[in-house]
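This is what each chain is made of:
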Amino acid sequence: MRRARPGAPPRGTANRALTSVGAGADFDRNPLPSDTAEREPVTTAKEESPQSRLWHITLSVSGTETPLAEIRRGLEQLAHDHPFLLTSRYAGDHAEIRYWEEARDLHDAAAVALRLWGEHRSSARLPPWEIVGLEVIDRETYHLRVAEGYGPPPASPVGVHPY
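Source: prediction; values computed, not measured.

A.B. asks: Please give an account of the overall build of the protein chain that cites residues and values.
C.D. replies: On a plain count of helices and strands, the protein chain comes out with three helices and five strands. Taken from N to C terminus, the helices and strands of the protein chain fall in the order β-α-β-β-α-β-α-β. In the protein chain, which comprises 163 residues, the share counted as buried stands at 27%. A separation of at least 24 residues holds for 70% of the contacts in the protein chain among residues at least 6 apart in sequence. Within the structure as shown, the protein chain displays about 12,100 Å² of accessible surface, and the carbon and sulfur contribution to it stands at 53%.

Rendered as structure tokens:
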């Protein structure tokens, strides 16, 4: 016999929600009625999950004047925490971070990029600057721009550098 307050949920169930469980692979969507011989099963085309693509991200941040040594240290820690970081350029009141992101589509790549600065602000002790610019382009567009001489050249000096 269970002893509890009337109307109280069972012990250990607080803040738990019910979830749905999908049918197994052998679930028959077309059960055969008892009065028919055999029926062709209805087939649906399985949607394949989209392939991830590489996106070139340029994130610009800006804010109040901060000592250059602090900015450099923070950006170097960010590069350590986020291994795909290509290059960072910085000045006392702004910085630009360039890197590659793997994502399903532009929306996912942009969402990750917009969270980068805020999520690493405390762990890398980054300045409390705000994001003032974001460019997300696919790999083909990036290479096309570089080949035509437009846009920033490839990040040859990988690392953290002053402007």
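A.B. asks: Break down the pairing of strand S3 (residues 94-103) for me, with residues and values.
C.D. replies: The buried count for S3 comes to eight of 10 residues, which makes it a mostly enclosed element. Here five bridges tie strand S2 (residues 85-90) to S3, and the two strands are oriented antiparallel to one another. Directly across from Thr87, in S3, lies its bridge partner Arg98. The loop that links S2 with its antiparallel partner S3 comprises three residues.

A.B. asks: So what about the packing of aromatic side chains? Which residues, and what values?
C.D. replies: This structure, assessed with the given rule, holds two aromatic pairs. Note on Trp100 and Tyr142: the rings are 5.1 Å apart at their centroids and 80° apart in plane angle, and the pair reads as edge-to-face. Separated by 42 residues along the polypeptide, Trp100 in strand S3 and Tyr142 in helix H3 (residues 139-148) bring together distant segments of the chain. Note on Trp117 and Trp129: the rings are 6.2 Å apart at their centroids and 5° apart in plane angle, and the pair reads as stacked. One end of the pair, Trp117, is in helix H2 (residues 106-120); the other, Trp129, is in the loop between H2 and strand S4 (130-138), with 12 residues separating them in the sequence. Note on Trp117: relative accessible area 2%, which makes it buried.

A.B. asks: Could you give me a rundown of the confidence of the model for the protein chain, with the residues and numbers involved?
C.D. replies: Chain-level statistics for the protein chain give a pLDDT mean of 78 and a share of 65% at 70 or above. In this model residues 15-23 is a low-confidence stretch, pLDDT under 50, and it forms zero contacts with partners more than four residues away in sequence or in other chains.

A.B. asks: Explain the nonpolar core residue by residue, including any values.
C.D. replies: By size, the foremost hydrophobic cluster in this structure holds 23 residues, and its most contacted members are Ile57, Leu75, Leu78, Ile97, Tyr99 and Trp117. Every element with two or more residues in this core is listed here: strand S1 (53-62), helix H1 (68-81), S2, S3 and H2. The dominant element in this core, judged by the number of residues it contributes, is H2, at five residues. When neighbours within four sequence positions are excluded, Ile97 is seen to be in contact with Ile57, Thr58, Leu59, Leu75, Leu78, Leu85, Thr87, Ser88 and Trp117.

The rules behind the values
- Residues numbered from 1 in each chain as written.
- Predicted model: local features only at pLDDT ≥ 70, side-chain atom pairs only at ≥ 80, totals over all residues.
- Heavy atoms only, no water.
- Helix = DSSP H or I, 4+ residues; strand = E, 2+ residues; numbered from the N terminus.
- Buried < 20%, exposed > 50% of the residue type's maximum accessible area, 1.4 Å probe, protein only.
- Contact = heavy atoms within 4.5 Å.
- Areas by Shrake-Rupley, 256 points an atom, 1.4 Å probe, with all protein chains shown as cover.
- Pairing = 2+ DSSP bridges.
- Phe/Tyr/Trp six-rings, centres within 6.5 Å; stacked < 30°, edge-to-face > 60°.
- pLDDT = per-residue confidence, 0-100.
- Core = buried A, V, L, I, M, F, W, Y, C linked by side-chain atoms within 4.5 Å.

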